[in-house]
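Reading the structure
Now for the letters of each chain:
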Amino acid sequence: MSVIKHDTKKLEVRFQTLLAPPPYSHEYLLRLDFSFAEPTVFFQVSYTGRDQLTEEEILEEGFTLQDDFEWKGTLSKTWETATLNLLMKTKTFFEHPKPSSQTVLSLVVDHQDNDSTSGIPDNMQDWEYHVQEVIQAIFEISKKELPLRITYVEQDQKSKLSISIHPRFSDRSLKVVREKDGKTDEHSLPWEQLMSLLQAVYLPDYDPEKAKQKLPDNPGNYIDQGDGLWYALGKAVTNPSKKIDAIGQLEKKLKDYF
């Protein structure tokens, strides 16, 4: 176990799955250099063990045959601030993961005096979530993926209510827009609220086989969770158990902003 010094010049993040089978098993490398006006980044993700599978088995799981990805570029300064703030909350590094770990994330911190500290951070789950946000920013900037947009709609024969969530990972901005009866209300929210929003959106169970390619004309409540499909609440979207009203929590969460 080692204590971290907080005079970071460069940061390297390595991640790998320990128990996931192919085609899900993967590893990635993320390098950040804070020596410039905007942090420079190198990112590489590789899927492992796929030589054990046929092409058909990989495709059946929703993957492609070219999922490995590599990118170099720069990120918004807001990502440097957020990353260094998280590093300030990281107290110690451990040499080995817990025996029960399904994934492992390790850091190498290069300091201003050319010394370095490395190991598994004591707040590994916080790092896993943070790095997933960084990766999503990379996917947006590189045009590998479109910006995420989640849209909820309530409609009947007389009126239509639409609430959409617009997170931009590239610059850590979050906007929620409400449209009803020709009127539009818009709120900018702190980026830190995104996690609870996404938790509310993805807590229910979604059945793609019951989803529609286009928003139905029928009265009802619908949501596009970001995959381009429309799910009817109560039919294609259901609660994960009788004890959890995930749908009710989702609708309340979205409407509480207006």
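Below: a short report on this structure. These figures come from a predicted structure and were not determined experimentally.

Before going further, it helps to examine the overall build of the protein chain. Secondary structure summary: the protein chain contains five helices and 16 strands in total. Considered along the principal axes of its C-alpha atoms, the protein chain spans approximately 65 × 45 × 35 Å. Carbon and sulfur atoms make up 48% of the accessible area of the protein chain, which totals about 15000 Å². Of the side chains in the protein chain, 31 bear a positive and 42 a negative charge, and the two mean positions are spaced by 7 Å.

What follows covers helix α2 (residues 77-89). Taking 1.5 Å of rise per residue, the 13 residues of α2 would be expected to cover 18 Å, and the 19 Å separating its terminal C-alpha atoms lies within 8% of that figure. For α2, the secondary structure elements touched by its buried residues are β2 (8-17), β3 (26-33), β7 (103-111) and α3 (124-141).

This part takes up the pattern of salt bridges. Counted according to the given criterion, the structure contains ten salt bridges. Residue K255 is joined to E154 by a salt bridge in which the shortest nitrogen-to-oxygen separation is 2.4 Å. Taken together, the residues K255 in helix α5 (residues 246-255) and E154 in strand β9 (residues 150-155) connect sequence positions 101 residues apart. In this structure K255 comes out as partly exposed when scored by relative accessible area, which is 35%. Exposure remark for E154: the relative accessible area of 19% places this residue in the buried category. Across the salt bridge formed by E192 and R172, the nearest N and O atoms sit 3.5 Å from each other. Remark: R172 occurs in the loop between β10 (160-168) and β11 (173-180) and E192 occurs in the loop between β12 (183-189) and α4 (194-202); sequence separation between them is 20 residues. Taking relative accessible area as the criterion, E192 reaches 59% and is therefore assigned exposed.

Next up on the list: α3. Here α3 is 18 residues long and its end C-alpha atoms lie 26 Å apart, about the 26 Å a rise of 1.5 Å per residue gives. The buried count for α3 comes to 13 of 18 residues, which makes it a mostly enclosed element.

Rules of the game
- Residues numbered from 1 in each chain as written.
- Predicted model: local features only at pLDDT ≥ 70, side-chain atom pairs only at ≥ 80, totals over all residues.
- Heavy atoms only, no water.
- Helix = DSSP H or I, 4+ residues; strand = E, 2+ residues; numbered from the N terminus.
- Areas by Shrake-Rupley, 256 points an atom, 1.4 Å probe, with all protein chains shown as cover.
- Lys, Arg positive; Asp, Glu negative; His and termini not counted.
- Charge placed at Lys NZ, Arg CZ, Asp CG, Glu CD.
- Expected span 1.5 Å × (residues − 1).
- Contact = heavy atoms within 4.5 Å.
- Salt bridge = Lys/Arg side-chain N within 4 Å of Asp/Glu carboxyl O.
- Buried < 20%, exposed > 50% of the residue type's maximum accessible area, 1.4 Å probe, protein only.

Function cannot be read off these values alone, since they describe shape.
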